[in-house]
Structure formats: structure tokens, C-alpha cells
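Summary of the model geometry
Each chain is listed here by its residues.
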Amino acid sequence: MSDIQRVAEQYIAVWNETDADKRRALIAEIFTEDAAYTDPLGAVTGHDGVDGFIAGAQAQFAGLKFSLPAAPDAHHDIARFQWYLGPEGAEEPLAIGFDVITVEDGRIKQVLGFLDKMPG
């Protein structure tokens, strides 16, 4: 498994972790302290910002899971990957997006998120 594949899988795991303490530990492990996250719904920085943003998404989409439908495409310290959000095991995701990440020393420094399909 490539380092980028591992980082992308850890990133998705953070979005799926509903235990606040475990999620915070994962965020500290895979995001730099000054990490920036930006998508059409908001922009945050730092571990507190990322954690709060993810907690808000989990509250809005309770019970749904993120998944990686394919391997990331990467070069240098940049990767992009598509993600799905929906009930576990569902044939059709409720939401589809893709993220572009910048990695620094094996940790995520920046996320630029795009939404391709959102429910309602």
C-alpha cells in the first residue's frame, strides 16, 4: 500500500469515527497542527477546526458512512480521490465528492473538498 493510499484511508476513517476522543486522536495523528480544510460548506484550520467541522457533518448525516470507491491519484505531495457517503453497503451513495490533499511529512497539511452530489 502506498503512503498516499494509507493517508487517504486514515482520512476517511477520521470522518467515520463517531467517538469524539478517538476522532481527536486520529486527527492529531494524520493532520498537521496548522492543517486547513476548505469545501463549499466551510473553511477551518487546526485540529479544533477540523474536529468541529467533522462533528457537524456527522450530526447532519448520522448513521451514514464515507468510503473510497477507488485508489487516490497522486504525484509529489498532492493527491486527489473521490469519496462516497451513504448507508453502509448501499448500491448508490447519497453524496459524492472528491478531495485534493497536500501531504507534508506523511500528514495532511491541506484539504480542498468538492461536492459532486448532495442529498436534497
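Below is a short write-up of the structure. Everything quoted here is computed from the prediction, not taken from an experiment.

What counts and what doesn't
Residues numbered from 1 in each chain as written. Predicted model: local features only at pLDDT ≥ 70, side-chain atom pairs only at ≥ 80, totals over all residues. Heavy atoms only, no water. Phe/Tyr/Trp six-rings, centres within 6.5 Å; stacked < 30°, edge-to-face > 60°. Helix = DSSP H or I, 4+ residues; strand = E, 2+ residues; numbered from the N terminus. Buried < 20%, exposed > 50% of the residue type's maximum accessible area, 1.4 Å probe, protein only. Axes fitted to C-alpha atoms, helices over the stretch in contact; angles between N-to-C directions. Parallel < 35°, antiparallel > 145°, perpendicular 65-115°, else oblique. Left-handed = near helix turned anticlockwise from the far one by under 90°. Contact = heavy atoms within 4.5 Å. Nonpolar A, V, L, I, M, F, W, Y, C, P; charged D, E, K, R; others polar.

1. Examining the packing of aromatic side chains
By the definition in use, this model includes nine aromatic pairs. Pairing Trp15 with Phe66 gives two aromatic rings, centres 5.2 Å apart and planes at 55°, and the pair type is tilted. A residue pair is termed long-range when its members are at least 10 positions apart, and Trp15 in helix α1 (residues 3–16) and Phe66 in strand β3 (residues 65–67) qualify at 51 residues. Like Trp15, the residue Phe66 is buried in the burial classification. Taken together, Tyr11, Trp15, Phe31, Tyr37, Phe53, Phe66, Phe81 and Trp83 form an aromatic cluster joined through their ring pairs.

2. Some thoughts on the packing of helix α2 (residues 20–30) against helix α3 (residues 46–60)
Relative orientation of the contacting elements α2 and α3 amounts to 135°, with a least axis distance of 10 Å. Relative to α3, the element α2 is oriented oblique. Like other packed secondary-structure pairs, α2 and α3 cross with a definite hand, here right-handed. Residues Arg23, Arg24, Ile27 and Ala28 of α2 pack against His47, Asp48, Val50, Asp51, Ile54, Ala55 and Gln58 of α3. When the residues that make up the contact of α2 with α3 are grouped by side-chain class, the tally is five nonpolar, two polar and four charged.

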